[in-house]
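Chain by chain, the residues:
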Amino acid sequence: MGMKERIKEKIPAWRDRVNRLKRDFGPFKVGEVTVEQIFGGIRGVQISVSDISYVDPMEGVRLRGYTIPETLALLPKVPGSAYPMMGGLYYLLMVDDMPTMEDALEVEQEWKANSEIPSCVFDVIHAMPRSTHAMTLFSQSILALQSQSVFATEYSHGLAKKDYWEYYLEDGVKMTAKLPGIGAYIYNYKYQDGVYIPPDPDLDWSANFAHMIGKGDHREYQDLCRLFFVLHSDHEGANVSAHTSHLVASALSDIYLASAAGLNGLAGPLHGLANQECLRWLLNTYEHFGKLPNRDEFAQYVRDILTNGQVVPGYGHAVLRVTDPRFTAQLEFAEKYMPDDELLYLVKLGLDVIPEILLETGKAKNPYPNVDAINGTLQHHYGVTQFDFYTVLFGISRLVGITTHAVWSRIFGKPIERPKSLTTQMLEDMVEGLPPMGNGSGAKE
Ligand code: HAX
């Protein structure tokens, strides 16, 4: 049974649950907002609901309730590979059921049928200088597809609110179908003299990306793509890219407009762009020593970095308080397929040395590696050495999650977002006459 029919079956029960909460518990207070949070990036304020994924500080992300190891173990595998089919992951996120092989293949088939990229996307890419950042090209490509939005067309003819989601789903499937092709085209345009490699109809969505950047014969890299795309597909509903696209879609901007907005957030150095910084840091470290450093040399190097007030890329996280399981999954892949890689040696040295040094400083709330501490090392090993492309890889995967959020937001009939902003004077008036309450962590001299 297709995703749409299966989702339709599930909608009444989901809507009942949400409607009961809204109807019977509307005034219930979930939390409070402090001055510190208002000035501190509204960190930790519980303002959104996502059943698609949840980041547990102590065990990492759960996708539709499944941990990363469970997701990797249970998703149907590409025949002949130990790694999952991305079509199955889309089914899991969208439908909230672990797919059968047939379900996963059906999504892959739908993707294939919609994978042709209109020429206006290529025209937009070609109109930009090759030096344009790959993420800018990616975001513009998604916008170039916007004229194909079924939702936008149908909405202009008049649509019932309860039916919006069906058109968001159609747009989501059609757009995600084209992502490997668009990503590969940008890669080839920027780094491979514009060579064009058409998709291979016998390959799955993830392996087709590998094929279209010229790695069609490389089974290990195809498996890495299968792993990478599953791992990066979603990370809760309130991170910068997820929340940005949710906000934009709340104005009933279609999935193309909302996705491009999310990608623009992902392109920031504190969010998705961090993975390119991590590889740059590892390469600089190697260059600094001119050889592989030993434990003491490396530890001193890290201490010097912290003394200079710099951050150690790839370590720490806004929510996680343990090693990111997405790091661990990729480390296992690396140990299996590229154990002698020199950058992997540095990654493992980092894992051994950096947490204890960060703990010594007592500043970072999480001294353990996040997913970006290893992403680039694996790509680099397989010859994808252009690190300003890495965030596009991330974006290809993340739009799978973002489109799922958009569909379910329409299912729940979520309204346009409009929080309230205050003036500084208003805050000052609120605290007038109160004794000082202590130095919040956001207060700095
Ligand atoms: N190296 C040095 N200092 C660090 C640090 C690190 N890796 N991680 C945190 N700290 C410092 C912070 O800079 C902060 O110092 P100040 O009080 O002087 O500002 C202090 O420790 C407390 O920070 P925190 O509360 O633990 O962390 P935040 O939630 O503020 O920030 C970050 C989370 C991921 C941005 C942060 O840990 C960091 O800058 N890490 C390095 C960059 C990085 O790896 N980014 C990728 C994140 C993964 C991701 O989301 N990708 O999309």
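Up top is the structure these notes are about.
Notes on the structure follow. Computed from a prediction, not measured in an experiment: that's the story for all the values here.

1. Here we look at the sheet that holds strand S3 (residues 66-67)
Hydrogen bonds between backbone groups are what pair the strands of a sheet, and the pairing can be parallel or antiparallel. With respect to topology, three strands assemble into an open sheet ordered S1-S2-S3, the strand pairing being antiparallel. For this open sheet the edge positions go to strand S1 (53-56) and S3, each flanked by a neighbour on one side alone. Strand direction decides the pairing type here: S1 and strand S2 (residues 60-63), joined by four bridges, are antiparallel. Bridge pairing in S2 links Tyr 54 to Arg 62.

2. Structural notes on the packing of aromatic side chains
Summed over all chains, the structure comprises 25 aromatic pairs. Look at Phe 151 and Tyr 164: their rings are 5.5 Å apart centre to centre, the planes differ by 80°, and that puts the pair in the edge-to-face class. Separated by 13 residues along the polypeptide, Phe 151 in helix H8 (residues 150-157) and Tyr 164 in helix H9 (residues 164-191) bring together distant segments of the chain. We classify Phe 151 as buried; its relative accessible area is 2%. Given a relative accessible area of 10%, Tyr 164 falls into the buried group.

3. Structural notes on the site of the ligand
Contacts to the ligand come from 21 residues, most closely from Arg 43, Val 312, Gly 314, Tyr 315 and Lys 365. A distance of 2.9 Å separates an oxygen atom of the ligand from a polar side-chain atom of Arg 43. Between the ligand and His 271 there is a distance of 3.2 Å, counted from an oxygen atom to a backbone nitrogen or oxygen. Here the ligand loses 75% of its free accessible area of 910 Å² to cover by the protein chains. For the shell around the ligand, the class distribution of residues is ten nonpolar, six polar and five charged.

4. Focus: the packing of helix H6 (residues 119-127) against H9
Where H6 contacts H9, the axes come no closer than 11 Å and their chain directions differ by 30°. With respect to H9, the axis of H6 lies roughly parallel. Here the hand of the crossing between H6 and H9 comes out right-handed. Between H6 and H9, the residues in contact are Val 121, Phe 122, Ile 125 and His 126 and Ile 182, Tyr 185, Ile 186 and Tyr 189, respectively. Counted by class, the contact of H6 with H9 contains seven nonpolar, one polar and no charged residues.

5. Side note on the environment of Pro 369
For Pro 369, the location among the structural elements is in the loop between helix H17 (342-361) and helix H18 (372-381). Sequence separation of Pro 369 and Arg 326 is 43 residues, and the distance between their C-alpha atoms is 9.8 Å. Once residues lying within four places of it in the same chain are set aside, the contact partners of Pro 369 are Gly 314, Tyr 315, Val 322, Thr 323, Asp 324, Phe 327 and Leu 351.

6. As for the side chain of Asn 188
Among the structural elements, Asn 188 can be located in helix H9. Ignoring anything within four residues of it in the chain, the contact list for Asn 188 reads Asp 193, Gly 194, Val 195, Ile 197, Met 212 and Ile 213.

7. With respect to the environment of Gln 276
Here Gln 276 is to be found in helix H14 (residues 274-289). Look at Gln 276 and you get buried, because its relative accessible area is 6%. A sequence separation of 114 residues divides Gln 276 from Tyr 390, and the C-alpha atoms of the two residues are 6.0 Å apart.

8. Some words on the nonpolar core
Ranked by internal contacts, the top residues of the largest apolar core, which has 115 residues, are Phe 138, Ile 142 and Phe 209. Among the elements that line this core, the one with the most residues is H9, at 14 residues. Not counting the four nearest positions on each side in its chain, Ile 142 is found in contact with Met 175, Leu 179, Ile 182, Tyr 256, Ser 259, Ala 260, Leu 263 and Leu 399.

9. Brief notes about unusual backbone geometry
The phi torsion at Asp 96 lies on the positive side, around 70°, for a residue other than glycine. Structurally, the position occupied by Asp 96 is in the loop between helix H4 (86-95) and helix H5 (101-113). Despite not being glycine, Leu 252 shows a phi value in the positive range, around 65°. Relative to the elements of secondary structure, Leu 252 occurs in the loop between helix H12 (240-250) and helix H13 (255-266).

Scoring rules and cut-offs
Residues numbered from 1 in each chain as written. Predicted model: local features only at pLDDT ≥ 70, side-chain atom pairs only at ≥ 80, totals over all residues. Heavy atoms only, no water. Pairing = 2+ DSSP bridges. Helix = DSSP H or I, 4+ residues; strand = E, 2+ residues; numbered from the N terminus. Phe/Tyr/Trp six-rings, centres within 6.5 Å; stacked < 30°, edge-to-face > 60°. Buried < 20%, exposed > 50% of the residue type's maximum accessible area, 1.4 Å probe, protein only. Near = heavy atom within 4 Å. Polar contact = N/O pair within 3.5 Å; in protein donor to acceptor, adjacent residues only side chain to side chain. Areas by Shrake-Rupley, 256 points an atom, 1.4 Å probe, with all protein chains shown as cover. Nonpolar A, V, L, I, M, F, W, Y, C, P; charged D, E, K, R; others polar. Axes fitted to C-alpha atoms, helices over the stretch in contact; angles between N-to-C directions. Parallel < 35°, antiparallel > 145°, perpendicular 65-115°, else oblique. Left-handed = near helix turned anticlockwise from the far one by under 90°. Contact = heavy atoms within 4.5 Å. Core = buried A, V, L, I, M, F, W, Y, C linked by side-chain atoms within 4.5 Å.

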